[in-house]
Protein chains: 2
Amino acid sequence: MRPEALSEAADVDHREWRATALQVREFAARALIAAGADPVAAWPVATAITETSVRGVDSHGIRLLLHYARVVQTGRINPKPRLSFRPTGPGSGIVDADHGFGHHAGYLAIDHAVELAKVTGIAAVSVIHSSHFGSAGCYALKGAEQGLLAMAFCNSDSFVLPHDGLQSFNGTNPIAFAAPVPGSRPLLVDMATSVIPWNRVQDLMNEGLSLPRDVAVDINGDITMAPENSVALLPLGGTDYGYKGAALASMVEVLSAILTGMPYCSRLLAMAGPDFTTHRSLGHFFIAIDPARFVSSELYATAMLAYLQDLREQPSRDGARVMAPGDREWAIAEDRTRWGIPIPSQLKADLDALADSLHILPITYLPS
Amino acid sequence: MRPEALSEAADVDHREWRATALQVREFAARALIAAGADPVAAWPVATAITETSVRGVDSHGIRLLLHYARVVQTGRINPKPRLSFRPTGPGSGIVDADHGFGHHAGYLAIDHAVELAKVTGIAAVSVIHSSHFGSAGCYALKGAEQGLLAMAFCNSDSFVLPHDGLQSFNGTNPIAFAAPVPGSRPLLVDMATSVIPWNRVQDLMNEGLSLPRDVAVDINGDITMAPENSVALLPLGGTDYGYKGAALASMVEVLSAILTGMPYCSRLLAMAGPDFTTHRSLGHFFIAIDPARFVSSELYATAMLAYLQDLREQPSRDGARVMAPGDREWAIAEDRTRWGIPIPSQLKADLDALADSLHILPITYLPS
């Protein structure tokens, strides 16, 4: 959300606020603990949302702290979960999140998958009885940072039309994939299987702008460019090729819900309420792959670096450059690591109010 | 290719020809053997292209027999490969295709992945020194038919623009996923990560029709609707959201080429030549997942059937119905199993000529 979009809100000042990642993470952890979360659960949530903000994925970053602090207070989230891991084979296992934060369970699951994959070559760990885990990329990255290729999948409540459909059915069902890049940050794919995220519709509405064509539909299932009339998103590929995005969404649904025994898309309680007290029982699915079982580390390094260099050197449209998956995120991360995470004025006001209500110190912002 | 598009070709009659799958498969196997392929290698190729035709994916079906018979004669394909499988961990291994047909190696690899996954819960098998393997769905289906969830990935030579690029770089890099459906054919995702396949461009050119907008570019990297001016495809998502399709293509490239040590997209010899004698050294990557390690078979069955029923019952646009991934393919398969595989007149003429040149009996077509 751009600060200038808030010019109608008289009680918000319009400076650009920035805070260091350490400040943001500390504040998020303290807020969650003050809201009732076990410190052991609060820390991974704070880490995930901060790192997501650092990468520039603001839809799933610090702004979600307001939501997470709320749902741990209302009882949707078990504040003191007893997470368990049950191996079910040499390369497989199940984490029971005990209705705690999905981030807590997600990091545990990918770490178990990494540990198993180092023995077996590839491993998969599912998560049951979980909740929103933020950005899927966090967990794929956790695998890649340990030298493995990793995938993360999660379903969500209905936001996306089936291909040729009129009403939302599948969730935005993200796919994340990360692969180590020697001497550099991982290659990172982290994408919803809808054309755009729902959050983008809300941003454009707040900014008084139109939607691009062929991304959302109104209550009748007709394409609309008016954010305020939008009720569902199109799958990746839009009206003509949305069967591809819808197929990927179904793949994610099978891995995250059918294979975990958790409720699928249309049976999930909505993240946005009105019920904030019942556990949602989301499922996640993680895969870790040990590259050393398939190729020497020398050859992997040479090929990966050559591929990325070739890709980045491709001729580009005027005013653009060809980027590898994750390049945009890492460029933003470099900027935000140096200059801090920008916090829009309205979000700053909301976070200050949260601090007030929880009787904790607010974020100390960087001097502007 | 619709028969009426060939009305300019004076030497082709315009009846619709149909042949049973058994006839097509027998003919394909006999043709490949006559072209020099080892019978053990010819059979999986014949099986894959026939089953792909049965499912209606004509771009990767029997029409490719002409190509495969050619490349085994020109030496690109090793006619008598010695395939080997080397386990590299309890859940991982590598098939060396010895420059034989990719279909042969692909079926071997997914079968090994299934065998390993039954022990470990999940397994991955890569293929090195391979060649075009037809439709990725064949191998995912082979896993699902054995009760496992399966994924298949393969890269291909440059056909697709990078996002914001001007020239083709990645291949059409397919993703396939199949999951068992109790009492029914598997759920099947089998898609290129480009907006449309290259073959579709050629079909529209043959039919004298325009391209849809935002699917292909000309030599300058500008969007074109003229098939004859098209030189590259856009990634899934098109001009605005192609970073998603491009990201998926990179994921496939990493799994199929970087992780196998095989040449990536822009370094691959083109499938269409002009070099038909050098081995192409494609890589593939397969994953098999045992659902029993994650959920009881009863719960899996109940959830899968409920999800598919809910999806198929979603309200749809006029004249359409909401389908689950694979529904279209299985409906065509039912029709073609009953009525035969339609063979366009030009393809029939080409297959008859192939039979002639190889001194084998042509396909016996069904009475029209």
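Looking at this model, I keep getting lost on the overall build of chain A. Mind explaining?
In terms of helices and strands, chain A carries 10 helices and 11 strands. Expected size for 368 residues packed as a compact globule is a radius of gyration near 21 Å; at 20 Å, chain A falls within 12% of this value. Principal-axis analysis of the C-alpha atoms places the extent of chain A at approximately 60 × 50 × 45 Å. The buried share among the 368 residues of chain A stands at 57%. The long-range share in chain A, meaning contacts at least 24 apart out of those at least 6 apart in sequence, stands at 65%.

Just checking my understanding: could you explain the environment of G326 of chain A for this structure?
One can find G326 of chain A in the loop between α8 (297-312) and α9 (327-339). Dropping the residues within four chain positions of it, G326 of chain A is found in contact with R185, P186, L187 and L188 of chain A.

Help me understand the relation of the copies chain A and chain B, please; the structure alone is not making it clear to me.
The two chain copies are connected by a rotation around an axis plus a translation along it. In the superposition of chain A on chain B (RMSD 0.0 Å, axial shift 0.0 Å), the rotation amounts to 180°. A rotation of that kind, with that shift, is consistent with a two-fold axis. Distance from the rotation axis, computed per C-alpha, reaches its smallest value in chain A at G237 of chain A: 2.5 Å. A shared binding surface is used by both copies, with 100% of the interface residues of chain A retained as interface residues in chain B.

I would appreciate a short explanation of the interface of chain A and chain B in the present structure.
One frequently used descriptor of interface size is the decrease in accessible area upon assembly of the parts. On the chain B side, the residues contacting the 65 residues of chain A number 65 residues. Of all the secondary structure elements, the ones that give two or more residues to the side of chain A that touches chain B are β2 (84-89), β3 (92-96), α4 (102-120), β4 (122-130), β6 (175-181), β7 (184-191), α7 (238-258) and α8 of chain A. With 11 residues, the single largest contributor to the side of chain A that touches chain B is α7 of chain A. Across the side of chain A that touches chain B, the residue classes tally to 41 nonpolar, 16 polar and 8 charged.

I keep staring at helix α7 (residues 238-258) of chain B and nothing clicks. Help me out?
All names here are of chain B. Compared with the 30 Å implied by 1.5 Å per residue over 21 residues, the 26 Å span of α7 between its first and last C-alpha is markedly short. If you look at α7, its biggest bend is around 30°, right at K244. Buried residues dominate α7, accounting for 18 of its 21 residues.

How do you make sense of the pairing of strand β10 (residues 282-289) of chain A when you look at a structure like this?
A regular strand places its side chains on the two faces of the sheet in alternate fashion. Residue and element names in this part refer to chain A. The buried fraction of β10 amounts to 8 of the 8 residues, a majority that puts the element mostly inside the structure. The alternating pattern of β10 places L282, H284, F286 and A288 and G283, F285, I287 and I289 on opposite faces, both of which are buried. Of the pairings in the sheet, the one linking β4 to β10 comprises 7 bridges and is antiparallel in character. Among the inter-strand pairings, A123 is bridged to a residue of β10, identified as A288. By the bridge criterion, 6 bridges tie strand β5 (residues 149-154) to β10 in an arrangement that is antiparallel. Pairing of L149 across the sheet is with I289, part of β10.

Explain the sheet that holds strand β10 (residues 282-289) of chain B here, please?
Whenever strands of a sheet pair, they do so through backbone hydrogen bonds, lying parallel or antiparallel. With respect to topology, 7 strands assemble into an open sheet ordered β2-β3-β4-β10-β5-β6-β7 (chain B), the strand pairing being mixed. For this open sheet the edge positions go to β2 (84-89) and β7 (184-191) of chain B, each flanked by a neighbour on one side alone. Adjacent strand axes in the sheet meet at a mean angle of 15°, parallel and antiparallel pairs treated alike. Together, β6 (175-181) and β7 of chain B form the strand contacts of α7 of chain A, whose direction differs from that of β7 of chain B by roughly 125°. Packed onto the sheet, helix α5 (residues 137-144) of chain B meets β5 (149-154), β6, β7 and β10 of chain B and runs at close to 25° relative to β6 of chain B.

What is the right way to look at the nonpolar core in this model?
Grouped burial of nonpolar side chains is what soluble globular proteins tend to show. In terms of nonpolar packing, the biggest core is built from 249 residues, with L32 and F286 of chain A together with L32, A150 and F286 of chain B touching the most fellow members. The residues contacting L32 of chain A, other than those within four sequence positions of it, are A37, A42, V45, A46, Y68, A69 and V72 of chain A.

Would you mind going over unusual backbone geometry with me for this structure?
Leaving glycine aside, a negative phi is the common case for residues, and trans is the common case for peptide bonds. Omega for the bond connecting G273 of chain A with P274 of chain A falls within 30 degrees of zero, at 15°, which places this linkage in the cis form. Checked against the element boundaries, P274 of chain A lands in the loop between α7 and β10. You will see that N173 of chain A, though not glycine, has its phi angle at about 25°, which is positive. Looking at the secondary structure, you find N173 of chain A in the loop between β5 and β6. By the C-beta count within 10 Å, which is 29 here, N173 of chain A ends up buried. With a phi close to 70°, D164 of chain B is a non-glycine residue in the positive phi region. Tracing the backbone through its elements, the reader meets D164 of chain B in the loop between β5 and β6.

Would you mind going over the environment of A109 of chain B with me for this structure?
Residue and element names in this part refer to chain B. Tracing the backbone shows A109 in helix α4 (residues 102-120). In this structure A109 comes out as buried when scored by C-beta crowding, with 30 C-beta atoms within 10 Å. For the pair A109 and C154, spaced 45 residues apart in the sequence, the C-alpha separation amounts to 13 Å. When sequence neighbours within four positions are dropped, the list of residues in contact with A109 reads V95, V125, V127, H284 and F286.

For this particular structure, what's the right way to read the sheet that holds β3 of chain A?
Residues and elements named next belong to chain A. The strand order across the open sheet built from 7 strands is β2-β3-β4-β10-β5-β6-β7, with neighbouring strands paired in mixed fashion. Edge positions in the sheet fall to β2 and β7, since each has one partner strand and no second. When strand polarity is set aside, the average angle formed by the axes of neighbouring strands in this sheet is 15°.

What is the right way to read the domain arrangement of chain A from this model?
Residues and elements named next belong to chain A. Along its sequence, chain A is organised into domain 1 (13-195 + 234-302 + 341-358) and domain 2 (199-233). Using only C-alpha atoms to locate each centre, domain 1 and domain 2 end up separated by 25 Å. Taken together, the 12 residues of domain 1 in the interface contact 9 residues of domain 2. Looking at the side of domain 1 that touches domain 2 residue by residue, the class counts come to 6 nonpolar, 6 polar and no charged.

I tried to follow the packing of helix α1 (residues 21-34) of chain A against helix α2 (residues 39-54) of chain A on my own but got confused; where do I start?
The description of two packed helices rests on the angle between their axes and on the distance between the axes. Residues and elements named next belong to chain A. Close contact between α1 and α2 brings their axes to 8 Å; oriented N to C, the two are set at 145°. Where α1 crosses over α2, the two elements pack in a sense that is right-handed. Between α1, through A21, V24, R25, A28, A29, L32 and I33, and α2, the contact on the second element is made entirely by P39, A42, W43, V45, A46, T47, I49, T50, S53 and V54. Looking at the contact of α1 with α2, its residues break down into 13 nonpolar, 3 polar and 1 charged.

Definitions and limits used
- Residues numbered from 1 in each chain as written.
- Chains lettered and ligands numbered in written order.
- Predicted model: local features only at pLDDT ≥ 70, side-chain atom pairs only at ≥ 80, totals over all residues.
- Helix = DSSP H or I, 4+ residues; strand = E, 2+ residues; numbered from the N terminus.
- Rg over C-alpha atoms; globule rule 2.2 N^0.38 Å.
- Buried ≥ 20, exposed ≤ 12 C-beta atoms within 10 Å, placed from the backbone.
- Contact = placed C-beta atoms within 7 Å.
- Least-squares fit on C-alpha atoms with pLDDT ≥ 70 in both.
- Nonpolar A, V, L, I, M, F, W, Y, C, P; charged D, E, K, R; others polar.
- Expected span 1.5 Å × (residues − 1).
- Bend = angle between axes of the 7 residues up to and from the residue.
- Pairing = 2+ DSSP bridges.
- Axes fitted to C-alpha atoms, helices over the stretch in contact; angles between N-to-C directions.
- Core = buried A, V, L, I, M, F, W, Y, C linked by C-beta atoms within 7 Å.
- Domains from an automatic or database assignment.
- Left-handed = near helix turned anticlockwise from the far one by under 90°.

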